[in-house]
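Examination of the molecular architecture
Okay, here's what each chain looks like letter by letter:
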Amino acid sequence: MNAADSINAFVDAFIKALKSADGEVDQETIDALEQQGRRLGDAFEMKIKQRQKKIERLQNELAKYKE
């Protein structure tokens, strides 16, 4: 499980816990928290992919110098 999947799993568990709170948390709040959590997971995943591309580019440049 990667970090973005972990964030999404946390959001799922958190929302499930909120929904089981016997109506103490209104649906609008639950929806807003879920949306924020999903956006966080998406942003984190995008940032990881950007970093990975940068790492791959640097590895390719390094490989050219080793030749």
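The preceding data block contains the structure.
Let me begin by describing the structure that accompanies this report.

What counts as what
Residues numbered from 1 in each chain as written. Predicted model: local features only at pLDDT ≥ 70, side-chain atom pairs only at ≥ 80, totals over all residues. Heavy atoms only, no water. Helix = DSSP H or I, 4+ residues; strand = E, 2+ residues; numbered from the N terminus. Buried < 20%, exposed > 50% of the residue type's maximum accessible area, 1.4 Å probe, protein only. Areas by Shrake-Rupley, 256 points an atom, 1.4 Å probe, with all protein chains shown as cover. Lys, Arg positive; Asp, Glu negative; His and termini not counted. Charge placed at Lys NZ, Arg CZ, Asp CG, Glu CD. Axes fitted to C-alpha atoms, helices over the stretch in contact; angles between N-to-C directions. Parallel < 35°, antiparallel > 145°, perpendicular 65-115°, else oblique. Contact = heavy atoms within 4.5 Å. Nonpolar A, V, L, I, M, F, W, Y, C, P; charged D, E, K, R; others polar. Phe/Tyr/Trp six-rings, centres within 6.5 Å; stacked < 30°, edge-to-face > 60°. Expected span 1.5 Å × (residues − 1).

Once that is clear, we can look at the overall build of the protein chain. Broken down by element type, the protein chain carries two helices and zero strands. In terms of overall dimensions, the protein chain has a C-alpha envelope of 65 × 20 × 5 Å along the principal axes. When the 67 residues of the protein chain are sorted by exposure, 10% land in the buried category. Accessible surface for the protein chain amounts to roughly 5,700 Å². Of this, 55% is attributable to carbon and sulfur atoms. Between the mean site of the 12 positive side-chain charges and the mean site of the 13 negative ones, the protein chain shows a separation of 12 Å.

Right, let's talk about the packing of helix H1 (residues 3-19) against helix H2 (residues 27-66) for a bit. As a packed pair, H1 and H2 sit with axes 9 Å apart at the nearest point and diverge in direction by 175 degrees. By the angle between their axes, H1 is roughly antiparallel relative to H2. Contacts from Ala3, Ala4, Ile7, Asn8, Val11, Asp12, Phe14, Ile15, Leu18 and Lys19 in H1 reach Gln27, Ile30, Leu33, Glu34, Gly37, Arg38, Leu40, Gly41, Phe44, Glu45 and Ile48 in H2. Class assignment for the residues of the contact of H1 with H2 results in 12 nonpolar, four polar and five charged.

Let us now look at the packing of aromatic side chains. What the rule picks out here adds up to one aromatic pair. Between the aromatic rings of Phe10 and Phe14, the centroid separation amounts to 5.8 Å while the plane-to-plane angle is 20 degrees, which identifies the pairing as stacked. Here Phe10 and its partner Phe14 are both found in helix H1, four residues apart, which amounts to about one turn of the helix. By relative accessible area, Phe14 is classed as partly exposed at 35%.

Turning to H1, a few remarks are in order. Here H1 spans 24 Å end to end across 17 residues, near enough to the 24 Å set by a 1.5 Å rise per residue. Of the surrounding secondary structure, the elements contacted by the buried residues of H1 are H2.

Right, let's talk about H2 for a bit. Across its 40 residues, H2 extends 58 Å between first and last C-alpha, which sits within 8% of the 58 Å expected from 1.5 Å per residue. Lining the buried residues of H2 we find H1.

Coordinates in, geometry out; function isn't part of it.
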